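Each chain is listed here by its residues.
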Amino acid sequence: MKKVTVYMGPSCSFCDAAKRLLIRNNISYEEINIATEEGKMEEMINKSKGKRTIPQIFFDSHHVGGYLELREIEKKGTLLNLLK
């Protein structure tokens, strides 16, 4: 299974929604708080090719996008297949 990484920040309802979606699908993930972990905001921006909004979600090195993109993948029924 691919490693899921969620770059997030404090008081972010889309971050919370993304984490709930992953938990609902029994998907473990690494959470990186860009507000408290030094250098992680720049890392996120570089990995996501300039995206500055949170959350930014990755399956291994594949950039999924934010919560809305993750939700769309779940709606299509392809979420678990993308993680294989």
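Residues numbered from 1 in each chain as written. Predicted model: local features only at pLDDT ≥ 70, side-chain atom pairs only at ≥ 80, totals over all residues. Heavy atoms only, no water.

1. As for the overall build of the protein
Put simply, the test is: Strands here are runs of E lasting at least two residues and helices are runs of H or I lasting at least four, both read from the DSSP assignment and numbered beginning at the N terminus. In this description the radius of gyration comes from C-alpha coordinates, and the expected globular size is given by 2.2 Å times residues to the power 0.38. By definition, residues are in contact when any of their heavy atoms lie within 4.5 Å. In this tally Asp and Glu are treated as negative and Lys and Arg as positive; neither His nor the chain ends contributes. Charged side chains are reduced to one point each, which is NZ for Lys, CZ for Arg, CG for Asp and CD for Glu.
What the protein contains, in helices and strands, is four helices and four strands. Relative to the compact-globule value of 12 Å for 84 residues, the protein shows a C-alpha radius of gyration of 12 Å, a close match. C-alpha extents for the protein along the principal axes are approximately 35 × 25 × 20 Å. At a minimum sequence separation of 6, the contacts of the protein that also span at least 24 residues come to 58%. Looking at charge distribution, the protein has the averaged site of its 14 positive side-chain charges lying 7 Å from that of its 11 negative ones.

2. Let's talk about the packing of aromatic side chains
The criterion, for reference: Only rings of Phe, Tyr and Trp enter the pairing, Trp through its six-membered ring, and a pair is recorded when the two centres are within 6.5 Å. The plane angle decides the type: under 30 degrees is stacked, over 60 is edge-to-face, the rest tilted. The classification of residues rests on relative accessible area computed with a 1.4 Å probe and restricted to protein chains. Under 20% of the type maximum is buried, over 50% is exposed, and intermediate values are partly exposed.
With the rule as written, the count across this model stands at two aromatic pairs. With a centroid separation of 5.7 Å and an interplanar angle of 75 degrees, the aromatic rings of Tyr 7 and Phe 58 are classed as edge-to-face. Of this pair, Tyr 7 sits in strand S1 (residues 4-8) while Phe 58 sits in strand S3 (residues 56-59), and the two are 51 residues apart along the sequence. The burial state of Tyr 7 is the same as that of Phe 58; both residues are buried.

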